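Each chain, letter by letter, is given below.
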Amino acid sequence: MISAVDVTKSYQGRHGIITALDRVSFQVRAGDFVVVIGRSGTGKSTVLGVMGGLLRPSSGEVFLDGESIWELDERSRARLRALKHGFVFQNASVIPSLTVLENVLLPQAFLPQPTVANLSLAKGLVELMGLGSRLHAYPEQLSGGEKRRVAIASALMNDPPLLLADEPTGDLDSETESEIMNLFLSLWRSGKTIVMVTHNHQLASYANRVFKMSGGRILELPGQNGAERSIDCEQGSPREAQINVREAPRP
Ligand SMILES: Nc1ncnc2c1ncn2[C@@H]1O[C@H](COP(=O)(O)OP(=O)(O)OP(=O)(O)O)[C@@H](O)[C@H]1O
Ligand SMILES: [Mg+2]
């Protein structure tokens, strides 16, 4: 489904160039639940942004279903994002001036075809997140965890096949964290492909594949078998993730 080929992303920092991604290559298959772990500053948000068509790589290519997303013009990329990606941003991405329901409906505005607002679907998603009684609340009236749930409902609004989530459980208590992770599991079981980044190693146990980031590189930890497995990623012996550039699908 996604293939990153030799992707480098550098930023101009105050004291010089920061290479957040250093010739990274990997593949995510349709139906994977990938958890990317790594310490703060290791490039997790960067890799998600590059995969999600939000952050242009300095070099390299990202293919989504065989299409090179960074070769598309901005309009086509926006269309692709609206149809295929649900993106949960690191800082609960809700618009303060919109209610819960309006926030959840918002992604429909980016669909290529004008759509009649699908109120019942949006309400259903809000209910699924346990916020059925808060439909008309504004974000400032919600807790951090509730805002994150609104952001997740919003990411699901266009029924994207791929969910990209950046620390969706950051700063949450462990009970709310489990609730959100169990929701992700059920979404995964219902057929979504999920890529989630986190600094919390324990969440790797939910994934069927675990990648670890350090030093601008990405490694796949072997032997993840899904939710039943509980692992200590620090003790795993990392091996280089799928790196055969020649095998990457070309458009
Ligand atoms: N816009 C930017 N300009 C300069 N440097 C940046 C920029 N964005 C990120 N960086 C740097 O790139 C590196 C990777 O950042 P990134 O946000 O991807 O890390 P992260 O793993 O998501 O960290 P965290 O767990 O704290 O969210 C860091 O060293 C960061 O300081
Ligand atoms: Mg980050």
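Residues numbered from 1 in each chain as written. Chains lettered and ligands numbered in written order. Predicted model: local features only at pLDDT ≥ 70, side-chain atom pairs only at ≥ 80, totals over all residues.

## Here's the deal with the overall build of the chain
Heads up, the condition is: Only DSSP runs of H or I covering at least 4 residues are called helices, and only runs of E covering at least 2 are called strands; the numbering of each starts at the N terminus. Exposed residues have 12 or fewer other C-beta atoms within 10 Å of their own C-beta, buried residues have 20 or more, and partly exposed residues fall in between, where C-beta atoms are placed from the backbone. Note on contacts: residues are paired as contacts if their backbone-placed C-beta atoms lie within 7 Å.
Secondary structure summary: the chain contains six helices and eleven strands in total. Looking at the 251 residues of the chain, the share that counts as buried comes to 41%. When contacts within the chain are restricted to residue pairs at least 6 apart in sequence, those whose partners lie at least 24 apart make up 67%.

## Here's the deal with helix α6 (residues 174–189)
Because an α-helix packs 3.6 residues into every turn, residues spaced three or four apart end up facing the same way. Filter applied, for reference: A helix's residues, less one, multiplied by 1.5 Å, set its expected span.
Taking 1.5 Å as the rise per residue, α6 with 16 residues should run 22 Å; its terminal C-alpha atoms sit 22 Å apart, in good agreement. For α6, the secondary structure elements touched by its buried residues are β3 (33–37) and β8 (193–198). Of the residues one or two after α6, G191 is the one with positive phi, at around 115°.

## Section: the site of ligand 1
Applicable threshold: For each residue, a C-beta atom is placed from the backbone, and the residue is labelled near a molecule or strand when this atom is within 6 Å of it. Three residue categories are used. Nonpolar comprises Ala, Val, Leu, Ile, Met, Phe, Trp, Tyr, Cys and Pro, charged comprises Asp, Glu, Lys and Arg, and polar comprises the others, including Gly.
Around ligand 1 sit 14 residues in total, of which Y11, S40, K44, S45 and T46 are the nearest. Secondary-structure elements contributing two or more residues to the shell around ligand 1 are β1 (2–13), β2 (16–28) and α1 (44–51). Considering each element in turn, the shell around ligand 1 owes the most residues, three residues, to α1. Grouping the constituent residues of the shell around ligand 1 by class yields three nonpolar, ten polar and one charged.

## Here we look at the pairing of strand β10 (residues 217–221)
Stated formally: DSSP-based pairing: two strands are paired if at least 2 bridges between them are found.
Among the five residues that make up β10, four are buried, leaving the element largely enclosed by the rest of the structure. In the sheet, strand β9 (residues 209–214) pairs with β10 via five bridges, with the strands oriented antiparallel. Bridging across to β10, V210 finds its partner in L221. Between β9 and the antiparallel strand that follows it, β10, lie two residues; G215 among them carries a positive phi value of about 55°.

## Comments concerning the environment of H199
With respect to the secondary-structure elements, H199 resides in the loop between β8 and β9. A residue is classified by how many C-beta atoms lie within 10 Å of it, and H199, with 16 of them, is partly exposed. Taking the C-alpha atoms as reference, H199 lies 5.4 Å from R39; in sequence the two are 160 residues apart. If near-sequence neighbours (up to four positions away) are discounted, H199 is found in contact with I37, G38, R39 and S40.

## Here we look at the sheet that holds strand β4 (residues 59–64)
Spatial ordering of the open sheet is given by β2-β1-β4-β5, a layout of four strands whose pairing is antiparallel. Both outer strands of the open sheet, β2 and β5 (67–68), are each paired with one neighbouring strand and no more. As judged from the nine bridges shared by β1 and β2, these two strands associate in the antiparallel manner. Each bridged residue has a counterpart across the sheet, and for S10 the counterpart in β2 is T19.

## Thoughts on unusual backbone geometry
Not every positive phi belongs to a glycine, and D6 is a case in point at roughly 55°. Counting through the fold element by element, D6 comes out in strand β1. With a phi close to 50°, R23 is a non-glycine residue in the positive phi region. Inspection of the secondary structure puts R23 in strand β2.

## Re helix α5 (residues 144–156)
Taking 1.5 Å of rise per residue, the 13 residues of α5 would be expected to cover 18 Å, and the 19 Å separating its terminal C-alpha atoms lies within 8% of that figure. Of all 13 residues making up α5, eleven are buried, and the element is well covered by its neighbours. Within the sequence span of α5, burial applies to E146, K147, R148, R149, V150, A151, I152, A153, S154, A155 and L156. If you follow the buried residues of α5, they end up packed against β6 (85–88), α3 (100–105), α4 (119–128) and β7 (162–166).

## Here's the deal with the confidence of the model for the chain
The criterion, for reference: A residue's pLDDT is simply how confident the predictor is in it, with values from 0 to 100.
In this model, the chain carries a mean pLDDT of 86, and residues with pLDDT of at least 70 account for 88%. The weakest mean pLDDT in the chain belongs to strand β11 (residues 239–240) at 32; the strongest belongs to β3 at 97. Within the model, the stretch residues 226–251 combines pLDDT values under 50 with 49 contacts to residues more than four positions away or in other chains.

## Concerning the nonpolar core
This is how the line gets drawn: Any set of buried Ala, Val, Leu, Ile, Met, Phe, Trp, Tyr and Cys residues joined through C-beta atoms within 7 Å is what this text calls a nonpolar core.
One finds V35 and V104 to be the most contacted residues of the largest nonpolar core, which totals 65 residues. Ranked by residue count, the leading element in this core is α5, at six residues. V104 has contacts with A122, L125, V126, V150, A153, S154 and M157, leaving out every residue within four places of it along the chain.

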